[in-house]
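A closer look at the structure
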Amino acid sequence: MATYEGIDVDQELVELIRMMGKAEEYRERLQALQSVWDSLTLLGHLSGTATDMSDTRTAFQELSGGLLNQLARATLKKATLAMKSKARVAVDIMVRNLFERTADIGFLAMDDDVREYLAKFAPLRSRVVGEEERLELERYDAALLARFREYVQKYSVYANIILLDVGGNALLQLDWHNPVRNSKDALIAESLSTAQAYVETFRHSDLLPNESNSLIYSYRVTTADGKNNLGVLCLCFRFANEAERIFANLVEEKDWSVVTLLDRRGTVIASSDAFHVPVGAAVKFQLEKDWCVTRFAGRQYLAVTRATQGYQGYMGPGWYGHVMLPLEHAFDQEDGRFLEAAVPENALAAVMGNPRLFSDALRDIPCHAAKIQRALNRSVWNGNVSQKSDNKALNPAFSKILLWEISNTGLKTQDVFDQSISNLHQTVVSSILQDSQFQAALAIDIMDRNLYERANDCRWWALSPVFRRALSNPDADALREVAKTLVHINGLYTVYDNLVVFDRTGRALAVSNPKYQDICGQVLNEEWVRRALSLGNSQSYTVSNFVPSPLYQDRYSYIYAAAIREQSAAQSIVGGIGIVFDSAPQFAAMLNDALPRDESGAAPAGCFGVFADREHRIIASTQNELKPGMQLELEDSYFRIANGAKKSGIAVFNGHYYAVGACMSNGYREYKDKSDSYRNDVIALVFSPLGECKQEDRRGGSSASRTRLQGTEIKATGDSACMEIATFYVDSHWLGIPTDHVVESIDIKGLTRVPGSADNQLGYIMFRDKLISVVGLWGMLGKEDKRRSSNEPQIVVLRMGDANDTMIGVMVDELGEIPEIPLERIEKVSPMLSSGNALAGSLVKPAAGKTSREMIVVLSQERLRQKFTNVGA
């Protein structure tokens, strides 16, 4: 522990807490009240009120330290949770994208047109060619460049495609501005000899001499039998462009955080704010810590670093997501931003009772504060009683005022605690809502990016020379080659359950998955097949509705399809290709990857994610009972948000409160943008449990505010004769008894229950060396037959006024004020209006103009004696 401004706080929070506005505000208020307690303690000793504030002062001071620690920890957790999510998403989204690239290079390097070009024309580059050969070479150059353009039109993540011979000579490339003619880069030799399926290179390369760092995927092109190398194919990834797109989804306009990608050495390779943290800068990072405070360019930052989780075994180039937040702005976020509506009281109670969200120490704070306040109220109440019965005060009027001020200061102190706990509620709930909304946005981004690849795949594979030749002139050998190619593609692209090629009549010719071999020869009588066979050009594609399909064992899925065209100039449609997305495991994996994570990296128990359409139909869920095609019972406003919009709120689902984050799909790059005719709005929803939903009967308003309100309205004024009434509450009843009959209030510690006692006898307790009976009034005041209050009860000790000086204890829920009541406002209750069991002796009428106020029921000492002294004598 360390001391900060006179308060003990955890060592690691000392340099952070001064930056936390809310924590600082409560510290200043509590310290101001602490000064008041110091003064009241001194005045209490001097005035002789018999009310010692030392214990109360010490208890509140100790609790203040615990409260500030918890406030600071919750604030820090909220800030770092958002940072950790951003860091993880930045690197994981990039790695997911690069995983797709590792399959692209292997497939394109096997393209027949690329092979034929290298085998036939690469040798011509080393000698002088004749006019006829030159013209043929130009035609092939143009044809292959057109094919490369088709590829980049679909896979727009690439900036350039470079084709090299085995000597590193650049034969063809899309970007004619790139000056490379020959390369000595080591990736060429590696690509020609590697046993891996691809070569991934990120650094400066002479293949792209104008760029400081380039991300290039390369692989050898071989003869069809794989025995001889013909050249090397390079796909140049738009790394800076992709990083910019990722960062744009993570950093909002007023966000001070800088999101970066680091290499293994801690060098910045991409930055959301290059003027703030430039590319090429070296930063310190601590991967093994949740967070750290670091210095960069003369400024302190809160920093978080995360390694990738990988994707399907691919771990990427070894990069880290790293987020830096200037320390002076680290805790600027407004909680109310994510609390669009007031949080239901029962939901807050569920949050507070959830041990996953609130530690025992944190949940104990309001209990301790309430216990201190009850003890203080009892001390003040007893002090007021003693002014009447045993006046030792040097100045009774001053003592009354002092006791009032002590009580008032106690209420103010508890109010600060109540407000701070409320702020903790708000911080915790806001943090969960923020995280749920962020994770929902991540889930839909992953989905859009993934399905973008599916739209690209079907269109590119439809251009395969193997498919086009076979469907233009189908025979058994050609169809076997089609099937072989489909199996090879499906082996590289494992997100598909099946690939099917069909002719212009919709008849299935070949499949990649042998489980569906029996559909070959059958006509696929589905709407998406008919749409595919009428597509206008090679950029067009179609997608099935999300419905059960025999091509996916009658399970729900999307099937992406494109038309296959003959290779003649007419390019008539000769068939199509349908690629069946393996939706069940793939969507489940997307949702699982997007679920919130705790400190151990696991998804918290009870969290689940859902993809659904605007009609509430479920597409996928991590919750077993929520099956595709079912309706999701959730407020319709979630399903009506605009594309790309986000929403969060609190909902009741299966008897529990959940923080729900939502984000509507908005596409990725060209997929589902304005130029794309395909429309299919999907919403991602992330549910984070807050606690069990319990419908309980709760009394409105705090007892302190009720007592104080009623007490201020019945102060005596003028010179009329008055009576002091000590008031208290038993359930909803406001009761009182003249202070002459009151000894004092005590807690229930030491109460011993005796089996077989009468219904209203609760037991016995030792008081001033005497054994006294403790009784309960429930069932004698109205309809209630048992205690309903959840407050810790207290005992008011009363004199019975008999010759034996008998005392009894009455169990009460709360202590009230001790007002001076003018005698003219006290009216006896007629015996004719009460039964023999009635304990009321009189009523205190409301002051003039206050007829709507509740009246105090003054208990009769005589009736209490008649009722209870036979058991307590």
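Keep in mind that what you see is a predicted model, and the values were worked out from it rather than measured. (Residues numbered from 1 in each chain as written. Predicted model: local features only at pLDDT ≥ 70, side-chain atom pairs only at ≥ 80, totals over all residues. Heavy atoms only, no water.)

What to know about the nonpolar core
Formed by 159 residues in total, the largest nonpolar core has its most connected members in W461, F467, Y560, F587 and F611. Counting residues per element, this core draws most heavily on helix α3 (residues 54-108), at 23 residues. Filtering out sequence-adjacent residues up to four positions away, F587 remains in contact with M447, F546, Y558, F581, F611, I619 and A620. With 36 residues, the next largest nonpolar core counts V742, V774, I808 and L859 among its residues. (Core = buried A, V, L, I, M, F, W, Y, C linked by side-chain atoms within 4.5 Å. Buried < 20%, exposed > 50% of the residue type's maximum accessible area, 1.4 Å probe, protein only. Helix = DSSP H or I, 4+ residues; strand = E, 2+ residues; numbered from the N terminus. Contact = heavy atoms within 4.5 Å.)

Some points on the packing of aromatic side chains
This model, assessed by the stated rule, comprises 34 aromatic pairs. Through successive ring pairs, a cluster of aromatic residues spans F546, Y556, Y558, F581, F587 and F611. Its guanidinium or amino end placed over the ring of Y552, R555 lies 3.9 Å from that ring's centre, counting from NZ or CZ. The ring of Y638 is capped by K647, whose NZ or CZ atom sits 5.0 Å from the centre of that ring. (Phe/Tyr/Trp six-rings, centres within 6.5 Å; stacked < 30°, edge-to-face > 60°. Lys NZ or Arg CZ within 6 Å of the ring centre and 35° of its normal.)

What about the confidence of the model for the protein chain?
When the pLDDT values of the protein chain are averaged, the result is 85; 88% of them are 70 or greater. Contacts from residues 697-714, a stretch scored under 50 in pLDDT, to residues over four places away or in other chains number 38 contacts. (pLDDT = per-residue confidence, 0-100.)

Topic: the environment of A119
Inspection of the secondary structure puts A119 in helix α4 (residues 112-121). Exposure remark for A119: the relative accessible area of 47% places this residue in the partly exposed category. As for A119 and G231, which are separated by 112 residues in sequence, their C-alpha atoms are 9.0 Å apart.

Here we look at the sheet that holds strand β30 (residues 794-799)
Overall, mixed pairing links the five strands, which are arranged β27-β30-β31-β29-β28 in an open sheet. The open sheet has two edge strands with one neighbour each: β27 (742-746) and β28 (761-767). Neighbour-to-neighbour, the strand axes of the sheet open up by a mean angle of 30°, direction not taken into account. Both β30 and strand β31 (residues 807-812) contribute to a ladder of six bridges, which runs antiparallel. Across the sheet, residue Q794 finds its bridge partner in β31, namely V812. (Pairing = 2+ DSSP bridges. Axes fitted to C-alpha atoms, helices over the stretch in contact; angles between N-to-C directions.)

Overview of the pattern of salt bridges
Think of it this way: side chains of opposite charge can pair up when their charged atoms draw near. Applying the stated criterion across every chain yields a total of 32 salt bridges. Across the pair D104 and R101 runs a salt bridge, and its minimum N-O distance is 2.9 Å. Taken together, the residues span about one helical turn, with D104 and R101 both in helix α3 at a distance of three residues. Relative accessible area serves as the criterion here: at 0%, R101 is assigned to the buried category. E138 is paired through a salt bridge with R134; the nearest N and O atoms lie 2.5 Å apart. Note that E138 and R134 are positioned in helix α5 (residues 131-154) at a spacing of four residues, about one turn of the helix. For R134, a relative accessible area of 31% gives the class partly exposed. What you see here is one network of salt bridges that share partners, running through E242, D445, R449 and R669. (Salt bridge = Lys/Arg side-chain N within 4 Å of Asp/Glu carboxyl O.)

Thoughts on unusual backbone geometry
With a phi close to 75°, H616 is a non-glycine residue in the positive phi region. Position of H616 among the secondary structure elements: in the loop between β20 (608-613) and β21 (618-621). Given the relative accessible area of 12%, H616 is considered buried. Despite not being glycine, D731 shows a phi value in the positive range, around 55°. With respect to the element layout, D731 can be found in the loop between β25 (722-730) and β26 (733-738).

Observations concerning the side chain of Q173
Tracing the chain through its elements places Q173 in strand β4 (residues 170-173). In terms of polar contacts, Q173 uses its side chain to reach the side chain of N160, at 3.0 Å. Contacts of Q173, omitting those with residues within four sequence positions, involve L145, N160, I161, I162, N178, V180 and R181. (Polar contact = N/O pair within 3.5 Å; in protein donor to acceptor, adjacent residues only side chain to side chain.)

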